[in-house]
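For reference, the chains in residue letters:
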Amino acid sequence: MIEDLTGRRFGRLVVLSMCPHVAGEDVRWNCRCDCGAELSVSGHSLRRGRTKSCGCYQRERAAELCKTRERRITVSKKKNNRLYNVWHGMVKRCCDPSHKSYHTYGGAGITVCDEWKDFSRFRKWAYDNGYDENSPKFQCTLDRIDVTKGYSPDNCRWADMKVQSRNTRRNIWVEYQGKSYIAKDLADMFGMDDHALIHRLNLGLSVEDALTIPKGTTLSPGAFSPVVCIETGERFPSVKAAAEFVSRHESTVIAALKNHNRTAGGYHWRYADN
Ligand SMILES: [Zn+2]
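An account of the accompanying structure is given in this report. Just so you know, these numbers come straight off a predicted model, no measurement behind them.

Conventions we followed
Residues numbered from 1 in each chain as written. Predicted model: local features only at pLDDT ≥ 70, side-chain atom pairs only at ≥ 80, totals over all residues. Pairing = 2+ DSSP bridges. Helix = DSSP H or I, 4+ residues; strand = E, 2+ residues; numbered from the N terminus. Contact = placed C-beta atoms within 7 Å. Axes fitted to C-alpha atoms, helices over the stretch in contact; angles between N-to-C directions.

**A look at the sheet that holds strand 11 (residues 269-271)**
Here's step 1: Strand order in the open sheet made by the three strands is 10-9-11, with antiparallel pairing throughout. A single partner strand is all that each edge strand has here, and the edge strands are strand 10 (235-236) and strand 11.
Here's step 2: Bridging between strand 9 (residues 227-229) and strand 11 involves three bridges; their strand directions are antiparallel. Of the residues in strand 11, the one forming a bridge with cysteine 229 is tryptophan 269.
Here's step 3: Along the sheet, helix 9 (residues 250-258) contacts strand 9 and strand 11; its crossing angle with strand 11, the most-contacted strand, is approximately 80°.

**Let's talk about the sheet that holds strand 2 (residues 13-18)**
Here's step 1: Ordered in space as 1-2-3-4, the four strands form an open sheet in which the pairing is antiparallel. With one partner strand each, in any of the chains shown, strand 1 (9-10) and strand 4 (38-42) form the two edges of the open sheet.
Here's step 2: Both strand 2 and strand 3 (residues 28-33) contribute to a ladder of five bridges, which runs antiparallel. Looking at strand 3, one finds that methionine 18 is bridged to tryptophan 29.

This is the structure in structure tokens:
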């Protein structure tokens, strides 16, 4: 007596019908897998729970395991690279004259102590002194306690970016007429506040403009970025210049830059692509 399995579900498989039966052999059943594949499976395997899918379940599991393993490898690589990059950046800034920041580090007398020229010794110090490879980006950075001194165990600590930027603010360097100045010194020369100078530079002003535009002038982000009149294609070096050209207030041009349905002086505007 053969038990009819038609319509029953085993895992992902639903039995459609019995295969033509060969005497003396186990009865096989035509099944459809949830993924759409059709196959025949012996009744024995179905009842014992040995076959529960066309094989797609195993394939999915294997793919997942691979992904997890890859993820683990990537994470551990990143962790190692991160500290290495900190070290490499430090050495480059201080010892390689072709590095873009060399003039404010090595060129300004900031050195790396001999011990730390060896990555393994730097790494040992890092872990002994609170380096946390799992901390979010920018929350565990190498900080010099006295910014006029170099990289060495007695002048360094791991700090978050806020501590660090407060510490190094006075050391932001600015190029002016072919010479490098510490922002604070340059601001003092022009009788202005160094925070205001840095703020203006961050808005995209040239150093000359940042130093000479009268105090109290309203500056908005992008006000000194080049803009283009969409209708005429004419390019203006700044929002200010465009506003003067159409005899409108800067804020009108900025509003038109933000919302392309709006016009300033009868024209539409966009920021230049540079
Ligand atoms: Zn399947």
